[in-house]
Amino acid sequence: MKIDRRKFVQSGALASAAIGAGCNQLPSIELFGRHVPDSPKGPYLSPTKRSIDLVSHALNRLTFGARPWDYQRVKQLGESEDEAFYAFVEEQLDHESIDDPAGHNAARQFETLSLPIGELFEYQEKLLLRELTQATLLRAIYSERQLYEVMVQFWTDHFNIDPSKGDCKWLKIADDRDVVRKHALGNFPDLLKASARSPAMLWYLDGRVNRKQRADEKPNENYARELLELHTLGVNSGYTQEDVMEVARCLTGWTIQETGRSRFAIGSIEFKPHLHDREDKVVLGQKIEGFSKDLAWDEQKRRGSAELDRVLEIIALHEHTANYIATKLCRRFISDEPPASAVATVAEWFRETDGDIRQTLRSLFHTDEFKAARGGKLKRPFNFVVSALRATNAKTDGGKRVTDYLMRMGHSPFQYPTPDGYPEEAGPWLGTLLWRWNFAVRLASGQLHGTKVDVESLRRSFETKRHAAAALFGRTPERSEIEELRDSDEPLALALASPGFQMC
């Protein structure tokens, strides 16, 4: 999708008029010094080609945006551009070997993130959401494990949970930690199983009230439908309404100790055989045998709870699941309309490796389609804000002023109300361009409280303004871009709001 530069410039002019004249003085700011990294000394190497090279492409797609020194660092990972590209891919895939004190410290200041589930209920839900959001933002900005953070965002959208629903207000903290972050670069079947048994997911999609105690009682199909449609097989993949109901029957009996009904072990899950449908089921043509209520209670618990695992075995590595996950990954990393050839390659590798996420991503990054798809994706608002903060080497607390902009752009983490998660495609985000310009102006002019950009230091980090612009765009700027930046009263803001920066 092409975004016209003139429209960006016109939007910028309108936004500038709306903002009005403001003080250029940098704000007084308290920063969490523990998470602000020391940056290497410049001047830094910047791209020299007129088009985006492989190193810049990798930084655009595998990270939340390049910092001023990242191009130079990655370029030096290999003797050739290709070698540097593949070395960076391998580095990011092996995220656990990357030393990441800044990322760890960014999250460590929020004590609620590490609390056991039961203790989370002792805190106000607004505090929990604020700390989870702020930590997510700071990790994206400061972590060296960039691909890992990108995949945390990907799976958060894939297994979306709206914390405003019931006990999800408290349980989402644990879901983020124990489900998404634990398995983000692991194995898809393990991730799917963890999500299926997540107290937050059981609450959000009504799995906790899916039961059958009477012969005429129908199971709650909410989670079963989303499990097939959004989490695994994908819509129009051949399953029927009967399959949905059969899966729902398999998943009856799971409950949560919830607020208002229990005083002990709040947030813990339990399988209760007397709430389970014990009859035979058939899921996607495969029979799952029931059991008698005359069996010993422990055996009923074992047999009944195992039906969840059997359902997941059937669907986790299904060919439609492989195609659906591959399509979403290619949409995220290649283009809004992913090429069928790349999807087929990635889907095949997903199944060959039994859902190994690292191996699946490696196959994607090695495709010719990925390497050719440069500069064609519009950054989503979260990615734009984080990439602007990274590109300017901003020191930020990731607080309310930044998250307010994400709210205005409709992309604050954990705020999407439906199970399908924030959209990846550009279309829904085109209405945010004016707010992006507003953010860019306030960031560049020092009017964003809690955030500081040393513009002079940033300029000194590159030999010339042209080199600085090349670092922002991932390529050398065009003549028209140089002229626009030279004539602007807000060149840094204009650069950040331009297509050259917003298209990655």
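Keep in mind it's a predicted model, so treat the numbers as computed, not measured.

K.L.:
Which residues make up the overall build of the protein, and what values do they have?
P.N.:
Each helix and strand counted, the protein has 26 helices and six strands in total. Taking 23 Å as the expected radius of gyration for a compact globule of 504 residues, we find that the protein reaches 24 Å, a close match to that expectation. Dimensions of the protein along its principal axes, counting C-alpha atoms only, are 80 × 50 × 40 Å. Sequence separation of at least 24 residues holds for 75% of the intrachain contacts in the protein that already meet a minimum separation of 6. Only carbon and sulfur atoms are counted for the fraction: they give 47% of the accessible area of the protein, which is about 22100 Å². Both charge centroids of the protein, one from 69 positive and one from 74 negative side chains, sit 4 Å from each other.

K.L.:
Describe in detail the packing of aromatic side chains, supporting the description with residues and values.
P.N.:
Applying the stated criterion to the full structure yields 20 aromatic pairs. Where W155 meets F188, the ring centres are 5.7 Å apart and the plane angle is 35°; that geometry is what we call tilted. Of this pair, W155 sits in helix α8 (residues 146-158) while F188 sits in helix α10 (residues 188-196); the two residues are 33 residues apart in sequence, bridging distant segments of the chain. Each member of the pair, W155 as well as F188, is classed as buried. Clustering of aromatic rings is evident, with ring pairs tying together F85, Y86, F333, F365 and F370. Over the face of the ring belonging to F333 we find R332, whose NZ or CZ atom lies 4.9 Å from the ring centre. One cation-aromatic arrangement involves R408 over Y405; the distance from NZ or CZ to the ring centre is 5.4 Å.

K.L.:
Can you tell me about the confidence of the model for the protein, naming the residues and giving the values?
P.N.:
Taken over all residues, the pLDDT of the protein has a mean of 92, while the share at 70 or more is 92%. Contacts of residues 1-35 to residues separated by more than four positions or lying in other chains number 67 contacts, the stretch itself having pLDDT below 50.

K.L.:
Residues and numbers for the pattern of salt bridges, please.
P.N.:
Here the idea is simple: oppositely charged side chains can pair when their charged atoms come close. This structure, assessed with the given rule, holds 32 salt bridges. Between R73 and E91 there is a salt bridge, with its nearest N and O atoms 2.9 Å apart. You can see R73 sitting in helix α3 (residues 70-75) and its partner E91 sitting in helix α4 (residues 81-93), a full 18 residues away along the chain. Judged by relative accessible area, which is 30%, R73 ranks as partly exposed. For D309, the salt bridge identified is with R197, shortest N-O distance 3.1 Å. Of the two residues, D309 sits in helix α14 (residues 297-316) while R197 sits in the loop between α10 and α11 (199-204), which places them 112 residues apart along the sequence. Judged by its relative accessible area of 27%, R197 falls in the partly exposed class. Taken together, the shared-partner salt bridges connect D157, D336, K377, R380 and E424 into one network.

K.L.:
Any chance you could break down the layout of surface pockets for me, citing the residues and the numbers?
P.N.:
A volume near 690 Å³ is recorded for the largest pocket. Residue lining of the largest pocket: 36 residues in total, with K465, A468, A469, L472 and A495 positioned closest to the centre. Among the secondary structure elements, those contributing two or more residues to the lining of the largest pocket are α2 (54-62), α19 (381-391), α22 (455-460), α23 (465-473), α24 (479-487), α25 (491-497) and α26 (499-502). Counting residues per element, the lining of the largest pocket draws most heavily on α23, at seven residues. In the lining of the largest pocket, the residues fall into 22 nonpolar, eight polar and six charged. Computed from the structure, the second largest pocket encloses a volume of approximately 570 Å³. Contributing to the lining of the second largest pocket are 27 residues, with Y324, K328, R331, D420 and E425 lying nearest its centre. Sorting the residues of the lining of the second largest pocket by element identifies α8, α12 (222-231) and α15 (319-333) as the ones contributing at least two each. Class assignment of the residues belonging to the lining of the second largest pocket gives a composition of nine nonpolar, nine polar and nine charged.

K.L.:
Let's hear about empty space enclosed by the protein: which residues, and what values?
P.N.:
If a probe as big as a water molecule is rolled over the atoms, it shows which places are left empty. Counted under the stated rule, the structure contains five cavities of 30 Å³ or more. Of all the secondary-structure elements, those providing two or more residues to the lining of the largest cavity are α7 (125-142) and α8. The leading source of residues in the lining of the largest cavity is α8, at five residues. Split into classes, the residues belonging to the lining of the largest cavity amount to seven nonpolar, six polar and three charged. As a volume, the second largest cavity reaches approximately 130 Å³. Lining of the second largest cavity is provided by 13 residues; of these, N60, R332, K379, N383 and C504 occupy positions nearest its centre. Residues of the lining of the second largest cavity, tallied by class, amount to three nonpolar, five polar and five charged.

K.L.:
Explain unusual backbone geometry to me, and be specific about the residues and the numbers.
P.N.:
Across the junction of G42 and P43, the peptide omega takes the value 0°, indicating a cis bond. Along the chain, P43 turns up in the loop between α1 (5-19) and α2. Of note, the phi angle at N236 is positive, near 60°, even though the residue is not glycine. Within the secondary structure layout, N236 lies in the loop between α12 and α13 (241-250). What makes N236 exposed here is its relative accessible area of 76%. Its identity as a non-glycine residue notwithstanding, N393 has a phi of 55°, on the positive side. If you trace the backbone, N393 turns up in the loop between α19 and β5 (395-396). The class for N393 is partly exposed, based on a relative accessible area of 21%.

K.L.:
For helix α21 (residues 433-444), give the residues involved together with the corresponding values.
P.N.:
Helix length check: α21, at twelve residues, gives a terminal C-alpha distance of 16 Å against a target of 16 Å (1.5 Å per residue), a fit within 8%. Counting buried positions over the twelve residues of α21 gives nine, a clear majority of the element. Those residues of α21 that sit buried are L433, R436, W437, N438, F439, A440, V441, L443 and A444. At the exit of α21 stands G446, carrying a positive phi of roughly 75°.

K.L.:
Which residues make up helix α17 (residues 357-365), and what values do they have?
P.N.:
Those residues of α17 that sit buried are I357, T360, L361, S363, L364 and F365. At the N-terminal boundary of α17, the capping side chain belongs to D356, with an oxygen 3.0 Å from the backbone nitrogen of R358.

K.L.:
Can you explain the nonpolar core? Please cite residues and give values.
P.N.:
Judged by nonpolar contacts, the single largest core of 134 residues is most densely connected at M151, W155, F333, L361 and F439. Sequence-distant contacts of F333, defined by excluding residues within four places in its chain, comprise R61, L147, V150, M151, L361, L364, F365 and F370.

Conventions we followed
Residues numbered from 1 in each chain as written. Predicted model: local features only at pLDDT ≥ 70, side-chain atom pairs only at ≥ 80, totals over all residues. Heavy atoms only, no water. Helix = DSSP H or I, 4+ residues; strand = E, 2+ residues; numbered from the N terminus. Rg over C-alpha atoms; globule rule 2.2 N^0.38 Å. Contact = heavy atoms within 4.5 Å. Areas by Shrake-Rupley, 256 points an atom, 1.4 Å probe, with all protein chains shown as cover. Lys, Arg positive; Asp, Glu negative; His and termini not counted. Charge placed at Lys NZ, Arg CZ, Asp CG, Glu CD. Phe/Tyr/Trp six-rings, centres within 6.5 Å; stacked < 30°, edge-to-face > 60°. Buried < 20%, exposed > 50% of the residue type's maximum accessible area, 1.4 Å probe, protein only. Lys NZ or Arg CZ within 6 Å of the ring centre and 35° of its normal. pLDDT = per-residue confidence, 0-100. Salt bridge = Lys/Arg side-chain N within 4 Å of Asp/Glu carboxyl O. 1 Å grid on protein atoms, 1.4 Å probe; cavity = no way out; pocket = protein on both sides within 12 Å on 5 of 7 lines; lining within 4 Å. Points joined across faces, edges and corners; volume = space filled by probe spheres on them. Nonpolar A, V, L, I, M, F, W, Y, C, P; charged D, E, K, R; others polar. Expected span 1.5 Å × (residues − 1). Polar contact = N/O pair within 3.5 Å; in protein donor to acceptor, adjacent residues only side chain to side chain. Core = buried A, V, L, I, M, F, W, Y, C linked by side-chain atoms within 4.5 Å.

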